[in-house]
Amino acid sequence: MSDTPPRRKVTYKTLLKKMEKGEPITQLAAYDYRTAVVADRMGMDILCVSDTGGMILFGHQSTVSVSFDEVMMMSQAIDRGSQYGLRMVDMPYWSFHVSKEQAVENAGRFVHEANAEVMKCEGNRHHVPAIEAIVNAGIPVQGHIGITPMRMPQLGGFIAQGKTAARAQELVDDAKAMYDAGCFSILCEVTTSEVAEYLAETLPVPVISLGAGNCADGVHIISSDLFHLWEEHVPKHSRIYTDLIPIMEDVITRYMNDVKTRNYPGPENTINMPEDELRKFAKAMKWERKLEELG
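Sequence order as written defines the numbering, with residues in each chain counted from 1. For a predicted model such as this one, the threshold for reporting local features is a pLDDT of at least 70, and the threshold for listing and counting side-chain atom pairs is 80 or more; totals across whole chains, interfaces and linings nevertheless cover every residue. As a convention, hydrogens and water are excluded, and side-chain values are obtained from all of the structure's heavy atoms.

Trainee: Is there a simple way to explain the sheet that holds strand β8 (residues 218-222) in this structure?
Mentor: The strands making up a sheet are joined through hydrogen bonds of the backbone, oriented either antiparallel or parallel. Pairing between strands is defined by DSSP: at least two bridges between the two strands are required. Put simply, DSSP marks the helices as runs of H or I at least four residues long and the strands as runs of E at least two long, and each gets a number from the N terminus on. What the eight strands build is a closed barrel, ordered β1-β2-β3-β4-β5-β6-β7-β8; its pairing is parallel. Ignoring strand direction, the axes of neighbouring strands in this sheet form an average angle of 25°. Taken together, the two bridges between strand β7 (residues 207-210) and β8 define a ladder with parallel strand orientation. Residue pairing across strands places Ile-208 opposite Gly-218, the latter belonging to β8. We call two residues in contact when some of their heavy atoms are within 4.5 Å. The axes used here are C-alpha line fits, helices contributing only the stretch in contact, and every angle between their N-to-C directions lies in the interval 0 to 180 degrees. Relative to the sheet, helix α9 (residues 193-202) contacts β5 (141-146), β6 (185-189) and β7, its axis offset from that of β7 by approximately 165°.

Trainee: Explain the packing of aromatic side chains to me, please; I cannot follow it from the model alone.
Mentor: What counts as a ring pair is set by centres within 6.5 Å for rings of Phe, Tyr and Trp (its six-membered ring), and what kind of pair is set by the plane angle: stacked under 30 degrees, edge-to-face over 60, tilted for all other angles. Within the structure shown, the criterion is met by five aromatic pairs. With a centroid separation of 4.6 Å and 35° between ring planes, the pair formed by Phe-68 and Phe-110 is classed as tilted. Of the two residues, Phe-68 is situated in helix α4 (residues 68-81) and Phe-110 in helix α5 (residues 100-114); the sequence distance between them amounts to 42 residues. Taken together, a centroid distance of 6.2 Å and an interplanar angle of 70° make the contact between Tyr-255 and Tyr-264 edge-to-face. Relative accessibility under 20% of the residue-type maximum defines a buried residue, over 50% an exposed one, and the middle range a partly exposed one, all with a 1.4 Å probe and only protein chains included. Taking the relative accessible area as the measure of exposure, Tyr-255 reaches 48% and is therefore partly exposed.

Trainee: Looking at this structure, how should I read a nonpolar patch on the surface?
Mentor: Think of a patch as exposed residues, more than 30% relative accessible area, with no salt bridge, where like charges cluster within 9 Å and nonpolar side chains (Val, Leu, Ile, Met, Phe, Trp, Tyr) cluster within 5 Å. The accessible surface values rely on the Shrake-Rupley method and a 1.4 Å probe; as for residues, cover is taken only from the protein chains in view. Salt bridges are identified by distance alone: a Lys or Arg side-chain nitrogen within 4 Å of an Asp or Glu carboxyl oxygen. On the surface, a nonpolar cluster with roughly 700 Å² of combined accessible area is contributed by Phe-227, Leu-229, Met-248, Ile-252, Tyr-255, Met-256, Val-259 and Tyr-264. Here the nonpolar patch gets five residues from one element, more than from any other, and that element is helix α11 (residues 244-260). The residue Tyr-264 is located in the loop between α11 and α12 (275-285) in this model.

Trainee: Please clarify how the pattern of salt bridges should be interpreted in this entry.
Mentor: Side-chain pairs of opposite charge can arise where the charged atoms are in close proximity. If you walk through the whole model with that rule in mind, you get 14 salt bridges. Residues Asp-174 and Arg-125 are paired through a salt bridge, measuring 2.6 Å at the closest nitrogen-oxygen approach. Here Arg-125 lies in the loop between β4 (118-122) and α6 (128-136) and Asp-174 lies in helix α8 (residues 165-180), a separation of 49 residues in the sequence. The shortest N-O distance in the salt bridge between Arg-279 and Glu-275 comes to 3.2 Å. Separated by four residues within a single helix, Arg-279 and Glu-275 lie in helix α12, roughly one turn from each other. Judged by relative accessible area, Arg-279 falls into the partly exposed class, the value being 25%. Salt bridges sharing common partners tie together Lys-9, Asp-79, Arg-87 and Glu-117.

Trainee: So what exactly am I meant to see when it comes to α9 here?
Mentor: Because each turn of an α-helix spans 3.6 residues, side chains separated by three or four positions in sequence point in the same direction. Taken together, the buried positions of α9 are Val-195, Ala-196, Leu-199 and Ala-200. Considered in projection along α9, the buried side chains sweep an arc of 130° and stay on one side of the axis. Exposed and facing more than 90 degrees away from the buried side of α9 are Glu-194 and Glu-201. Tucked into the core, α9 has its buried residues touching β5, α8, β6 and β7. Here the arc refers to the directions that run from the helix axis out to each C-beta atom.

Trainee: Would you take a moment to explain the nonpolar core for this structure?
Mentor: One recurring pattern in soluble globular proteins: nonpolar side chains tend to sit buried together. Each nonpolar core is a collection of buried residues, namely Ala, Val, Leu, Ile, Met, Phe, Trp, Tyr and Cys, held together in the definition by side-chain atoms within 4.5 Å. Core analysis: the biggest nonpolar cluster contains 54 residues, and Phe-110, Met-119, Ile-134, Ile-145, Ile-186, Cys-188 and Leu-199 have the highest contact counts within it. Looking at which element gives the most residues to this core, the answer is α8, with six residues. Setting aside its immediate chain neighbours within four residues, Leu-199 contacts Ile-145, Val-172, Ala-175, Cys-188 and Val-207. Counting 12 residues, the second-largest nonpolar core is a separate cluster that includes Leu-15, Ile-25, Met-88 and Leu-187.

What follows is the structure in structure tokens.
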């Protein structure tokens, strides 16, 4: 009998305790049922339904074109596949930008229709009114600063943020504004490590690094990056733990060869009629070749 205590549901208090003890928080961008099942079973703290899933699953070339309905579909899959990890939804492009009312309504839909527990909103201090409205409606939010894919044209591309003192100060101001708006956590995406380190030392909420070094309270990674499922580009900050592409190519090639040589399906994969029933069937169908074969 195992002495390991049963896992408890992860809540914001769980994350705070980890932060206070110096235990790193693990956050994974997930968007399919099976990944959620396995990650949850292995003890992942936060399962974030990332809009990057629209690129991996549906072929979008950026997160900007991923639709609300597609993120909703992924969110519902993650809900079905998880029991313990904190379920977070990365609110997609233009789902909280128009008005406070739009922001609250869409966040509420994720809670109501996908059983989401917290939202993630990327942006800066200018998005604070919408974020604050979501928090005031009773839905926790993780603020997301640094490289924010929704603002690529404005940022000038996927360029690390916070390399100058002035830009680092702007990022700190963004994070503090989000904290003041009630964010329970801050995610730093591809900021300099020093920005994330400073925020982790000064903010009383967990700071999560996504390509922002290892001095924060936790780390976020995109599940497809772990397995190299987005071949088009491997970000500097990602680490491929297992390259599934060669494995997939090998399996698909072997399957195709087995079909072409009629090695699959084999006898062990095939269901046959009992001989007496086959004989009756062949007679009823006047299937002469089969009757001759049966003798």
